Amino acid sequence: MALQDESSPLLGDAAGRDGNMMETIEQHRRRWWSIRVMYLTMFLSSISFSIVITSIWPYLQKIDQTADASFLGWIIASYSLGQMVASPLFGLWSNYRPRREPLLASISLSVAASCLYSYVHVPASHNKYYMLLARTLLGIGAGNVAVVRSYVAGATSLSERTSAMANVSAFQALGFILGPAFQACFTLIGEKGVTLAVVNLQLNMYTAPALLGVLLGILNIILIVAKYREYRVDELGRLYKSINVQDEDSDDLVQDAQGSIDQVAVVATNILFFVILFAFAIFETIAAPLTMDMYAWTRTQAVFYNGIILAAVGVESVMVFLAVKILSKKVGERPVLLGGLLIVFVGFFILLPWGKQLPKIQWADLKNSSVPKPLHTIYDPDLQVTTTKLPSNHTVEPTGCPVEQSWCLYTPVIYLAQYLTADILVGLGYPLGHVMSYTLYSKILGPKPQGVYMGWLTASGSGARTLGPVFVSQIYTHLGPRWAFGLICGIILLATALLGAVYKRLIPFSVRYGLIE
């Protein structure tokens, strides 16, 4: 009974222990404790990204008036760019050295980056570039996702892997839930907050989430030192003796399986993973600007409401991750991946503007209380003070769709019902495609060391998170939502066609070589 309990990981993992598994009860228990620490590491990595995602835009506007929506795209993308560069390097590091080393190094860097983010309001100028640096360093630290995935893939048998990979995604989704939810709670502190003169820190709704990230990172370091051990098993669950495993329990004796990896399947899966994360990155990035433009929400309202919405999407995603274990066993992993892509397509298609109602134009609020000025100068910080001629203590925040975005004058509003429906569909399709793509990927690689390959997969996802925000911020700002969402629909359709072309090649390594039926 003790063995059965230890083989039941968090969120209901099936043990799947094979009769040929050569491990003791203690080894089995410690292997799953290490896997659970990796679940937590993935959770904290996603929190570090999502806990400020809904407040970056209003915070950026507050600390640096020269920042525009285009620069927001670079701020969001910098995290993923750093992760894209670092992931293969951390993966390579983990192939030849104990994984504890890249894990501790990356988490320590994330802690330092979160501290920097908390102080980006302090310098007298160029604040937006300090924020860019902080998010880039945080992204480099998040390159440990490749190490997490490669460890979980290498430490589970084929029968355990789908469930374990679903758990990795579930904990990642929990991070996305709690991140925006924490940010929504921190809005109670307000934009002003309190000033801690001793450490020259302004504690407010923008800096408090980053400081929470610091505390969680320190907790993660403690758990890795205390509980994490190196294990690797083959597709049947027998222990390997690996260079990663520097543990007295690792003297078992399975050799690497012979055979080459299907590189076509590897490349295709990387592309599919890229498209899935590209679509979700666009969804995340556009939430605050879109709702502020379409519904005339203030900065605080955009942070609070989108925090609640993204938290609800995260709850939905966790439920999907739990269900996908059962669903994939009944219909197979490839049909689930296909279904996820199609659902995301429908979600973005629904976001296309229609109807006759136009959004509220932002300049109209200023026009009645100011000396008329050319429209293109309204957003100059100095001219705003001159044209409004309001008392110095005036704090009214202009809302609506900025007239500088010319499409605001002729593009119909995206109704709130459209936006919420799209949220629901993306929250359903994204987790299906996400977990199935990298579960299939890990099975295609088989028993080979997966650090570098998982690094490339993470890099492709990071590339999507890099290009997605830049793509949507540029297209959305200059051409509007019709072009932005129409193009992403076309990209998803192309990815679906690719999946159909390689469908028969997306099979496990052991099945391909007849080692397992």
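Residues numbered from 1 in each chain as written. Predicted model: local features only at pLDDT ≥ 70, side-chain atom pairs only at ≥ 80, totals over all residues. Heavy atoms only, no water.

K.L.:
Explain the overall build of the chain residue by residue, including any values.
P.N.:
The helix and strand tally for the chain stands at 18 helices and 2 strands. Of all 517 residues assigned to the chain, the portion counted as buried reaches 58%. Intrachain contacts of the chain at a sequence separation of at least 6 include 81% that bridge at least 24 residues. A total accessible area of about 20,600 Å² is found for the chain, and carbon and sulfur atoms account for 67% of it. (Helix = DSSP H or I, 4+ residues; strand = E, 2+ residues; numbered from the N terminus. Buried < 20%, exposed > 50% of the residue type's maximum accessible area, 1.4 Å probe, protein only. Contact = heavy atoms within 4.5 Å. Areas by Shrake-Rupley, 256 points an atom, 1.4 Å probe, with all protein chains shown as cover.)

K.L.:
Explain unusual backbone geometry residue by residue, including any values.
P.N.:
Positive phi outside glycine occurs at Ala-296, with the angle close to 55°. Inspection of the secondary structure assignment puts Ala-296 in the loop between α10 (263-295) and α11 (299-331). Under the relative-accessibility criterion, Ala-296 is labelled buried at 18%.

K.L.:
I'd like to hear about the packing of aromatic side chains, residue by residue, with values.
P.N.:
Per the counting criterion, the structure on display carries 18 aromatic pairs. Residues Phe-280 and Tyr-430 carry aromatic rings whose centres are separated by 3.9 Å and whose planes lie at 10° to one another, so their mutual orientation is stacked. Linking Phe-280 in helix α10 with Tyr-430 in helix α15 (residues 416-445), this pair joins segments that are 150 residues apart in sequence. Note on Phe-280: relative accessible area 7%, which makes it buried. Three or more aromatic residues joined by ring pairs make a cluster, and in this case those are Tyr-295, Trp-297, Phe-304, Tyr-305 and Tyr-419. Between the NZ or CZ atom of Lys-227 and the centre of the ring of Trp-33, over which it lies, the distance is 4.9 Å. (Phe/Tyr/Trp six-rings, centres within 6.5 Å; stacked < 30°, edge-to-face > 60°. Lys NZ or Arg CZ within 6 Å of the ring centre and 35° of its normal.)

K.L.:
Please give an account of the environment of Pro-508 that cites residues and values.
P.N.:
Turning to its location among the elements, Pro-508 is positioned in the loop between α17 (481-502) and α18 (509-512). Overall, the relative accessible area of 15% leaves Pro-508 in the buried class. The spatial distance from the C-alpha of Pro-508 to the C-alpha of Tyr-441 is 8.3 Å, given a sequence separation of 67 residues. Aside from chain neighbours lying at most four places away, what touches Pro-508 is Leu-158, Lys-443 and Ile-444.

K.L.:
So what's going on with the side chain of Asp-293? Residues and values would help.
P.N.:
Turning to its location among the elements, Asp-293 is positioned in helix α10. Lys-360 provides the closest opposite charge to the buried, unpaired Asp-293, separated from it by 11 Å. Apart from the residues within four sequence positions on either side, Asp-293 is in contact with Pro-359, Lys-360, Gly-400, Cys-401, Pro-402, Gln-405, Trp-407 and Tyr-476. (Lys, Arg positive; Asp, Glu negative; His and termini not counted. Salt bridge = Lys/Arg side-chain N within 4 Å of Asp/Glu carboxyl O.)

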